[in-house]
Amino acid sequence: MDKPPPSISSSRWSNVSSKEVTFADLASKRIRHGSAGADSEMLSMSQKEIKDEDARLIYINDPDRTNDTSFDFTGNSIKTAKYSVFTFLPRNLFEQFHRVAYVYFLVIAVLNQLPQLAVFGRGASIMPLAFVLLVSAIKDAYEDFRRHRSDRVENNRLALVFEDGEFRDKQWKYIRVGEVIKVVSNQTLPCDMVLLATSDPTGVVYVQTTNLDGESNLKTRYAKQETLQKATDLETFDGFIKCEKPNRNIYGFQANMEIDGRRLSLGPSNIILRGCELKNTEWALGVVVYAGSETKAMLNNSGAPSKRSRLETRMNLEIILLSLFLIALCTTAAATAAVWLRRHRDDLDTILFYRRKDYSVRPEGKNHNYYGWGWEIFFTFFMAVIVYQIMIPISLYISMELVRIGQAYFMTRDDLMYDESSKSSFQCRALNINEDLGQIKYLFSDKTGTLTDNKMEFQCACIGGVDYSDREPAESEQAGYSVEVDGIILKPKMRVRVDPSLLNLTRNGKATEEAKRANEFFLSLAACNTIVPIVTNTSDPNVKLVDYQGESPDEQALVYAAAAYGFLLIERTSGHIVINVRGEMQRYNVLGLHEFDSDRKRMSVILGCPDMSVKLFVKGADSSMFSVMDEVSYGDVIEATKKQLHAYSSDGLRTLVVGMRKLNDSEFEQWRSSFEAASTALIGRAGLLRKVAGNIETNLRIVGATAIEDKLQRGVPEAIESLRIAGIKVWVLTGDKQETAISIGFSSRLLTRNMRQIVINSNSLDSCRRSLEEANDSIASDDDESVALIIDGTSLIYVLDNDLEDVLFQVACKSSAVLCCRVAPFQKAGIVALVKNRTSDMTLAIGDGANDVSMIQMADVGVGISGQEGRQAVMASDFAMGQFRFLVPLLLVHGHWNYQRMGYMILYNFYRNAVFVLILFWYVLFTCYTLTTAITEWSSVLYSVVYTSFPTIVIGILDKNLGRRILLRHPQLYGVGQRAEGYSTTLFWYMMFDTVWQSAVIFFIPLFAYWGSTIDTSSLGDLWTIAAVVVVNLHLAMDVIRWNWIAHAAIWGSIVAACICVIVIDVIPTLPGYWAIFQVAKTWMFWFCLLAIVVTALLPRFAIKFLVEYYRPSDVRIAREVEKLGTYRESQTMVTEMNQIQDPPRR
Amino acid sequence: MSSNTASSSAGSGDSSAARKNSKRPKYSKFTQQELPACKPILTPGWVISTFLIVSVIFIPLGVISLFASQDVVEIVDRYDNDCIPAPARTNKVAFIQGDSPKACNRTLTVTKRMKQPIYVYYQLDNFYQNHRRYVKSRSDSQLRSPKFENQISACKPEDDVGGQPIVPCGLIAWSLFNDTYTLSRNNTPLAVNKKGIAWKSDKEHKFGNKVFPKNFQKGNLTGGATLNPDIPLSEQEDLIVWMRTAALPTFRKLYGKIETDLENGDTIQVTLQNNYNTYSFSGKKKLVLSTTSWLGGKNDFLGIAYLTVGGICFFLALAFTIMYLVKPRRLGDPSYLSWNRNPGGGR
């Protein structure tokens, strides 16, 4: 490892780097999707050479020189706060006016300020906008204040910085790039730094990255061997690091370090990032490479991607209709005004109520507030726009946001969606697509970790072709394996059920060939992995638990299994491992480690054994292992093992094959030299390493095979069944192989025995096309049968981005279940896109791992499972939860509710604003077509803010059309959302007819009743205001399904509040309407009108609502009757439900 | 909303950790949305009885409204046309603006006994007291207090005369109705009480008792009545009534009250001054003598409306009952669920 980098001819250099560009492009494209595809990026990044213009230079322990260069490095102080005292007002206003709604408000308010157009007084026109702006500004200011405070705390934390020959405490904000920092155990890192040395002689540190990506398992990072010794004398440390510019990829890092004229390459395993915590390591030394806002943690600190809800998009059509309606009203007003003005053009000067001429200026008079016929029409039009502005329900957008926050609150607080095992409750990460949950038609699910627990359990072993899969019965609660070392009892943290015969075999030592093989098998399981054992204390001082931490749950399961059979892995450093073999400590030197990669699909380790032999252990997927086996010598065993593996995988177990080989000296030396050359290579390092690994991993002797059960999560079969009955098409996308996938399909009840399976498993475009078309025809000919489509990743390569997509889509649509196996992460997104682009139906993707991120972001709704595989999926998702089965309450209950509520709320808001606008409009026809409002301007402003808004928000959050239990019992009720029955253009038109009727009733009953009477404008205006508020609120009351005390308070409270407001407005003596409400409310006429209005306005709606609900009942209505009247005939419906399920399969 | 999701600082990282290990939500009926609630549904029984109740209430209300309206005795006399001498009728506007005498005599006959108080109204048709230019042309603060005499900005074009503010300013006051009526019954004068015709609240709080008319009707164009500058606005009841602008283009304003009963067959002679110019916009002028009922004036509309709605409700109740009897549906019968209706089509 001490060689200088090999010199490479310039031509080859350029060749490679040009190729690398494509890699880099790929990587950067990925980054957009969050932090997905960590593995592949790591590969590409390590191969990449840094160009000078893309690099930054850091002189180790020389911050002055580092910061003196032309690079502009930021300090380590962070600023998450957005505003300062001075910039707050302009910046906050600027950001707020990014919302179209506010701009509309503003334009209207500005129009109103023109003297010719001033309809409302200044105060009344600005107030609503000012109110909303003020509330948002206060909220933003408070949040920003909190950010300022946390920034200050963060910036003033202390870290040990090497200065003037010793480590001194220094505040975080003063840390500069190039400084050397010492971090001690359990400390949080202040910035991103390259490791120089650690307390571990081999240079290993363990860090926890919970703050960064939420993963709580320990990760190992290494200091370079070369810097380890040098770091003891920091004063003379001389060197520099050339690393890439700051970026947000937390899984990639690429740099070169030059010390003493030697060049070392650095990768992601040599850097520890801001926000990580140091664990299990006394101290670590590092040089700061990125500080402050340039750290990867801060660069990643951006918001979730925003999606728009389908309902909101659909709503735009109606908004446009309403705009047209608004324009029509304004045009009518302008046109009629034009006709009137034209007809009376000769009399305008003197008409008592018009008086165009002002004679006080000149005897012949001067036009007063009159700019000519054309202009008057123009002004009338815009005044009409101002008066009728609430036709476009701007307040709706604000109400919708409030409602979604409320809905999100109830979703997160739902007891049914709390995961006891991971102590996590439901999370709403996106706040604007709650109602989309009620319209899902396609569900794309990952398998591992989503349908299954991703808690692997070692089930069977096949050693030398012999199957050992008799598990001891679960009841025999033994203490499990433990071993005593120096008076301390060590126990693995997890118990594994063992096969007694195999246990005996291993205990008997090396007596027989079989026993020897078994020992070898478990030794390789204990050794060939990247698991880090962590010894933790228990309450009993003599007992310690060994906890295995690692990135792969499969490996954990295997190491626990080895431990249960007496091969207890106790210690791992980068140089050696210690395994306790039934009480006897054995130390193995780790001479080489080829990490797992997805091309080779195996990993290997080269161990120097205590008996001085050198052995290679390889572990990997069966497909990749059998090709590197020595088939000549071990043909029988391989055959037997293959047979056994087939049996395992058809039981839904995950299989791995283990092989080994003894290396002789020359082989080892040859490997060592090529390995060192490869690992110090600057370009194509990963490729070279892979090649080295491939060269040595040959001619293996088969040791055995393992089978691990990937346990289904609790409630998954029931959940899938519910979703299926709800009419949601469930597609499972998995990386597993076909047999495993199918068996999981059966156990999760995705597939049933009486489904015909169509398997597409082709190796070329033509055969793929043929089988797809055959499948399509066979389904078309026979539609009574339910079909399951099973397609594998190789076929998908030919299908995706191709005209075959259509055929696949047709076939898939006709199938009751779709199962895609051996799917690569990018294909997952491709499949989602395939469906999304072809239908308008909503798609939902659910997954837990980094490989699901692309799919989660592609789908209309992305759900992340906060499970074992870290939190990338959660970070990319719109909703996050602990278990797959929570999908059922999420969609069937909350989705249903949210959709119904939101759909109704939108329609209702259209209605309530339109009613009011129409009342104003009708009046204009009786005021000589001038935009007088009988209703006071304050009431017009308060109408949509105070008089009627609160109940819609409360109902939008709280009303439930059906109870939770009945929704879960009849998943079919979910169809309401899928068929978009809660909100449609048809419903909009019905609503609008009703609106016209109601507004006419409200307006014309008083008009005729008071025609030719002494009624004054303000009194009649008050009557109209109160009538409108009462009718609109009672309209809502008629549609409320659940009357709890909050609904009562909101609806009746609103009416009372409106009356109080009207009274308050009428006790101000400087307003024309002084005391009007008291004068008019004294008369019987007022109350007679009110009663007549309310009953007449709501009568048609009431009658039609009843007729429809009684004679054309919707499913929801029937279900509500069932719920209310309890006429549920258990037996009868159960039969019909069972017919749907068709033979529930059980494995 | 995006702003606060972005706010969680990864550096401090407390938020993500907190999210991961969130406490189990405490079970409460509120958070589980299980608050006790009443779940009314529209059953035929409810609906039919609702309609019946509505009709039972509405029909009597309609009947008593009609009776109330029938009780009102009303004498309406349109005089705008007749009070212009026949030769002047070709150009009414010129006549009304001219100086010729405007007196006019009308005779009304009482056809039914009228009990006091009998209200004397003038009724204007086609007069838009709710015109936008008109309603805005007033200064409420000026009316209240002499302090705000100069608040006349809204009053244009009747705001000032030669720089001196007009009190009361604005088009509304300027166009004050100025026809006058003198009534006599069977050749004996009939007193018309002009006190107490305005709202008490207006007299006490809206129109100041220290505010006196100034420069009123001194402009180049006279709109209507003049005011006695020695009487404070709070006593100028005609003005107060007039300034309660009418909501609709056909309206009545109270002129005065007759506080004696009028008998059937009485003839009432009215001597009126036809001063007010409604001719330029073809507005009608009427003199109205009317009693009132508890429900107001003579207007059958509400009674008819109540009877109609009550009748419709009765009819609907009947129709729904018949429909219910002929074609009932068992409520809550799961066989009506769509997936049970067409088996196999498990949409």
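Conventions we followed
Residues numbered from 1 in each chain as written. Chains lettered and ligands numbered in written order. Predicted model: local features only at pLDDT ≥ 70, side-chain atom pairs only at ≥ 80, totals over all residues. Heavy atoms only, no water. UniProt positions renumbered as here; feature names shortened; annotations may be inferred. Helix = DSSP H or I, 4+ residues; strand = E, 2+ residues; numbered from the N terminus. Rg over C-alpha atoms; globule rule 2.2 N^0.38 Å. Buried < 20%, exposed > 50% of the residue type's maximum accessible area, 1.4 Å probe, protein only. Contact = heavy atoms within 4.5 Å. Areas by Shrake-Rupley, 256 points an atom, 1.4 Å probe, with all protein chains shown as cover. Lys, Arg positive; Asp, Glu negative; His and termini not counted. Charge placed at Lys NZ, Arg CZ, Asp CG, Glu CD. Pairing = 2+ DSSP bridges. Domains from an automatic or database assignment. Buried area = accessible area lost by both parts, 1.4 Å probe. Salt bridge = Lys/Arg side-chain N within 4 Å of Asp/Glu carboxyl O. Polar contact = N/O pair within 3.5 Å; in protein donor to acceptor, adjacent residues only side chain to side chain. Nonpolar A, V, L, I, M, F, W, Y, C, P; charged D, E, K, R; others polar. Disulfide = S-S within 2.5 Å. Phe/Tyr/Trp six-rings, centres within 6.5 Å; stacked < 30°, edge-to-face > 60°. Lys NZ or Arg CZ within 6 Å of the ring centre and 35° of its normal.

- As recorded in an unreviewed UniProt entry, chain B goes by ALA-interacting subunit and comes from Raphanus sativus.
- Per UniProt, the comment on chain B under Sequence similarities (unreviewed entry) is "Belongs to the CDC50/LEM3 family."

- An unreviewed UniProt entry lists chain A under the name Phospholipid-transporting ATPase, with Raphanus sativus as the source organism.
- On record in UniProt, under Cofactor (unreviewed entry), the comment for chain A is "Mg(2+)".
- Taken verbatim from the UniProt record of chain A, the Sequence similarities (unreviewed entry) comment is "Belongs to the cation transport ATPase (P-type) (TC 3.A.3) family. Type IV subfamily."

1. Description of the overall build of chain B
Then, number 1: Helices and strands together make up the secondary structure of chain B, namely 11 helices and 10 strands.
Then, number 2: Relative to the globule expectation of 20 Å for 347 residues, the C-alpha radius of gyration of chain B, 33 Å, shows a markedly less compact shape.
Then, number 3: The principal-axis extents of the C-alpha atoms in chain B amount to approximately 95 × 70 × 40 Å.
Then, number 4: Out of the 347 residues in chain B, the part that is buried amounts to 50%.
Then, number 5: Sequence-distant contacts in chain B: of pairs separated by 6 or more residues, those separated by 24 or more amount to 81%.
Then, number 6: For chain B, the computed accessible surface area is about 15700 Å², with 56% contributed by carbon and sulfur atoms.
Then, number 7: Here chain B contributes 44 positive and 27 negative side-chain charges, whose respective centroids are spaced 13 Å apart.

2. Brief notes about the sheet that holds strand β2 (residues 103-109) of chain B
All names here are of chain B.
Then, number 1: Read across the open sheet, the 4 strands follow the order β2-β9-β6-β7; overall the sheet is antiparallel. Edge strands, defined here as strands with exactly one partner in the open sheet, are β2 and β7 (188-189).
Then, number 2: Relative to β7, strand β6 (residues 180-185) is paired through 2 bridges, and the arrangement is antiparallel. Directly across from arginine 185, in β7, lies its bridge partner threonine 188.

3. Brief notes about the domain arrangement of chain B
All names here are of chain B.
Then, number 1: Taken domain by domain, chain B holds domain 1 (43-72 + 296-324) and domain 2 (74-291).
Then, number 2: Taking the mean C-alpha position of each, domain 1 and domain 2 sit 40 Å from one another.
Then, number 3: The interface of domain 1 with domain 2 comprises 4 residues on the first partner and 4 residues on the second.
Then, number 4: Roughly 310 Å² of surface becomes buried between domain 1 and domain 2 when both sides are summed, with 40% attributable to carbon and sulfur atoms.
Then, number 5: Where domain 1 meets domain 2, there are 0 salt bridges.
Then, number 6: For the pair domain 1 and domain 2, the interface holds 0 residue pairs in polar contact (both at pLDDT 80 or more).
Then, number 7: Along the lines of polarity and charge, the residues of the side of domain 1 that touches domain 2 split into 1 nonpolar, 1 polar and 2 charged.

4. With respect to the state of the cysteines
Then, number 1: As enumerated under the stated definition, the model contains 2 disulfides over all chains in all.
Then, number 2: Each disulfide pairs two cysteine sulfurs, and for B:Cys83 the partner residue is B:Cys104, the sulfurs being separated by 1.9 Å. The S-S bond linking B:Cys83 to B:Cys104 shows a torsion near -70°; that makes this disulfide left-handed. Of this pair, B:Cys83 sits in the loop between β1 (74-78) and α4 (92-97) while B:Cys104 sits in strand β2; the two residues are 21 residues apart in sequence, bridging distant segments of the chain.
Then, number 3: The exposure class of B:Cys83 is buried, given its relative accessible area of 5%.
Then, number 4: At a sulfur-sulfur separation of 1.9 Å, the disulfide partner of B:Cys155 is B:Cys169. On the criterion of sequence distance, the pair formed by B:Cys155 in the loop between α6 (140-144) and β4 (160-161) and B:Cys169 in the loop between β5 (164-165) and α7 (171-174) is long-range, its members being 14 residues apart. Comparing B:Cys155 with B:Cys169, the two get one shared label, buried.
Then, number 5: Here the cysteine-cysteine linkages of chain B are recorded as 1-2, 3-4, numbering only bonded cysteines and doing so in sequence order.
Then, number 6: A:Cys460 supplies the cysteine sulfur nearest to A:Cys462, a cysteine that is in no disulfide, at a spacing of 9.5 Å.
Then, number 7: Sulfur of A:Cys821: no disulfide; nearest cysteine sulfur belongs to A:Cys820 and is 7.4 Å away.

5. Notes on the UniProt feature "active site" (unreviewed entry) in chain A
All names here are of chain A.
Then, number 1: Under the present numbering, the feature "active site" (unreviewed entry) in UniProt falls on Asp446.
Then, number 2: Tracing the chain through its elements places aspartate 446 in strand β17 (residues 440-446).
Then, number 3: Leaving out residues up to four positions away in the same chain, aspartate 446 has contacts with Leu451, Leu733, Lys828, Ile846, Gly847, Asp848, Asp852 and Met855.
Then, number 4: Here the side chain of aspartate 446 touches threonine 450 through a polar contact of 3.2 Å, side chain to side chain.

6. Concerning the packing of aromatic side chains
Residue and element names in this part refer to chain A.
Then, number 1: Counted according to the given criterion, the structure contains 73 aromatic pairs over all chains.
Then, number 2: A ring pair is formed by phenylalanine 1003 and tryptophan 1024, whose centres lie 4.7 Å apart and whose planes are at 15°; its orientation type is stacked. Remark: tryptophan 1024 occurs in helix α34 (residues 1017-1039) and phenylalanine 1003 occurs in helix α33 (residues 985-1010); sequence separation between them is 21 residues.
Then, number 3: Between the NZ or CZ atom of lysine 182 and the centre of the ring of tryptophan 283, over which it lies, the distance is 5.4 Å.
Then, number 4: For arginine 342, the ring lying beneath its charged end belongs to tryptophan 373, and the centroid distance is 4.2 Å.

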